[in-house]
Amino acid sequence: MTGALLLAPVAGADLLTPESGGSPNADDIDTLYKFIFAVAIVVFVGVEGVLLYSVFKFKAKKGRVAAQIRGNTRLEIGWTVGAALILVVLAVITFVKLDAIRNPPDSSPDGLQLADTSRRLPPNGKALNICVNGQQYIWRYTYADNCKTGKNLGAPFSYEEMVVPVDTTVTLDIGAQDVAHSWWIPKLGGKFDAIPGYTNHTWFKVPGKFGTKPGGTVFFGQCAELCGRNHANMTARVRAVSVQEYQRWLSDREADIKSAEKQGAAQRKQLDSGNTTNP
């Protein structure tokens, strides 16, 4: 059973490092992880190598009396300074990369042309903002600048699959309405908790090459926080399409909402008239 799981394409993808390729922040996370992983391997091999060398070189032999070493100041200072330097280098590289991971860039010229939403990020304040709401056991995506309750009524929305245009900076406001969830599309960046009463923020920007084929490219993910008995069924998808295809999809969603609102209003009117004629 375990062998079958390891051989599965999804389970085997980027087995030792984070997935990447779908967004610049995911690429930076992957690069940083690989650098730290390489340093860790060098340190591990070095320490284990010295340990094994010492075990075989100075193993007990009949008639040999082990040297009684009280201390070695040079050696102790050396490994203390060496470890400190490694930590300093890792910290510096992490903080250099962290800015690009946390802060979204502007959309590309070929991306969706957006109005200034006066958001703090990205630099020009123009981003496609999507409200991500986790609920047992499904994700709801609302295409609105303001995600506060009651402020996004009438805005286009979708369930399970988020549709976005390529070459466009997408910012996410992530929350939950019942229990703690975690939104995670591995190829688009790190995981972010969805907590009731609190809004988390992240972003991604899918390169244009993923929107060239009809229907775009789908990135798969999963709720990464145990949220109940059907947690395993709480999957997530992001479909990256061309700007033109996204605009058509958005227009269709807006038309569907308007049609549903008209039908709902007609049904309410019919019910009200029925209640009036039947006291």
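Residues numbered from 1 in each chain as written. Predicted model: local features only at pLDDT ≥ 70, side-chain atom pairs only at ≥ 80, totals over all residues. Heavy atoms only, no water.

**What about the environment of Leu 153?**
(1) Moving on: Note that Leu 153 resides in the loop between strand S2 (138–142) and strand S3 (157–159).
(2) Moving on: Look at Leu 153 and you get exposed, because its relative accessible area is 74%.
(3) Moving on: Between the C-alpha atom of Leu 153 and that of Thr 142, which follows or precedes it by 11 residues, the distance is 9.3 Å. (Helix = DSSP H or I, 4+ residues; strand = E, 2+ residues; numbered from the N terminus. Buried < 20%, exposed > 50% of the residue type's maximum accessible area, 1.4 Å probe, protein only.)

**A look at the packing of aromatic side chains**
(1) Moving on: With the rule as written, the count across this model stands at six aromatic pairs.
(2) Moving on: On the basis of an interplanar angle of 70 degrees and a centroid distance of 5.3 Å, the ring pair of Phe 210 and Phe 219 is categorised as edge-to-face.
(3) Moving on: Taking the relative accessible area as the measure of exposure, Phe 210 reaches 17% and is therefore buried.
(4) Moving on: Classification of Phe 219 as buried rests on a relative accessible area of 4%.
(5) Moving on: The structure contains a cluster of three or more aromatic residues connected by ring pairs, namely Tyr 143, Tyr 246 and Trp 249.
(6) Moving on: Over the aromatic face of Phe 157 sits the side chain of Arg 140, whose NZ or CZ is 4.0 Å from the ring centroid. (Phe/Tyr/Trp six-rings, centres within 6.5 Å; stacked < 30°, edge-to-face > 60°. Lys NZ or Arg CZ within 6 Å of the ring centre and 35° of its normal.)

**Details of the nonpolar core**
(1) Moving on: Within the largest apolar cluster, 34 residues are counted, with the highest numbers of intra-cluster contacts made by Met 162, Trp 183 and Phe 204.
(2) Moving on: Counting only elements with at least two residues in this core, the list comes to strand S1 (128–135), S2, strand S4 (161–165), strand S5 (170–176), strand S10 (235–241) and helix H5 (243–277).
(3) Moving on: If we skip the residues at most four places from it in the chain, Phe 204 touches Ser 23, Asn 25, Met 162, Val 164, Thr 168, Thr 169, Val 170, Leu 172, Trp 183, Leu 188 and Val 238. (Core = buried A, V, L, I, M, F, W, Y, C linked by side-chain atoms within 4.5 Å. Contact = heavy atoms within 4.5 Å.)

**Side note on the packing of helix H3 (residues 24–57) against helix H4 (residues 73–102)**
(1) Moving on: Two elements in contact, H3 and H4, have axes whose closest approach is 9 Å; the angle formed by their N-to-C orientations is 170 degrees. The angle between H3 and H4 places the two elements in the roughly antiparallel class. Across the interface between the two elements, Asn 25, Asp 28, Ile 29, Thr 31, Leu 32, Phe 35, Ile 36, Val 39 and Val 43 of H3 pack against Ile 86, Val 89, Leu 90, Ile 93, Thr 94, Lys 97, Ala 100 and Ile 101 of H4.
(2) Moving on: Here the contact of H3 with H4 is built from residues that sort into 12 nonpolar, three polar and two charged. (Axes fitted to C-alpha atoms, helices over the stretch in contact; angles between N-to-C directions. Parallel < 35°, antiparallel > 145°, perpendicular 65-115°, else oblique. Nonpolar A, V, L, I, M, F, W, Y, C, P; charged D, E, K, R; others polar.)

**Considerations on the state of the cysteines**
(1) Moving on: Summed over the entire model, instances satisfying the criterion amount to one disulfide.
(2) Moving on: Here Cys 131 engages in a disulfide with Cys 147; their sulfurs sit 1.9 Å apart. A torsion of -85 degrees about the S-S bond marks the disulfide between Cys 131 and Cys 147 as left-handed. Taken together, the residues Cys 131 in strand S1 and Cys 147 in the loop between S2 and S3 connect sequence positions 16 residues apart.
(3) Moving on: With no disulfide partner, Cys 223 has as its closest neighbouring cysteine sulfur the one in Cys 227, 3.9 Å distant.
(4) Moving on: Relative accessible area serves as the criterion here: at 2%, Cys 223 is assigned to the buried category.
(5) Moving on: You can call Cys 227 buried: its relative accessible area is 6%. (Disulfide = S-S within 2.5 Å.)

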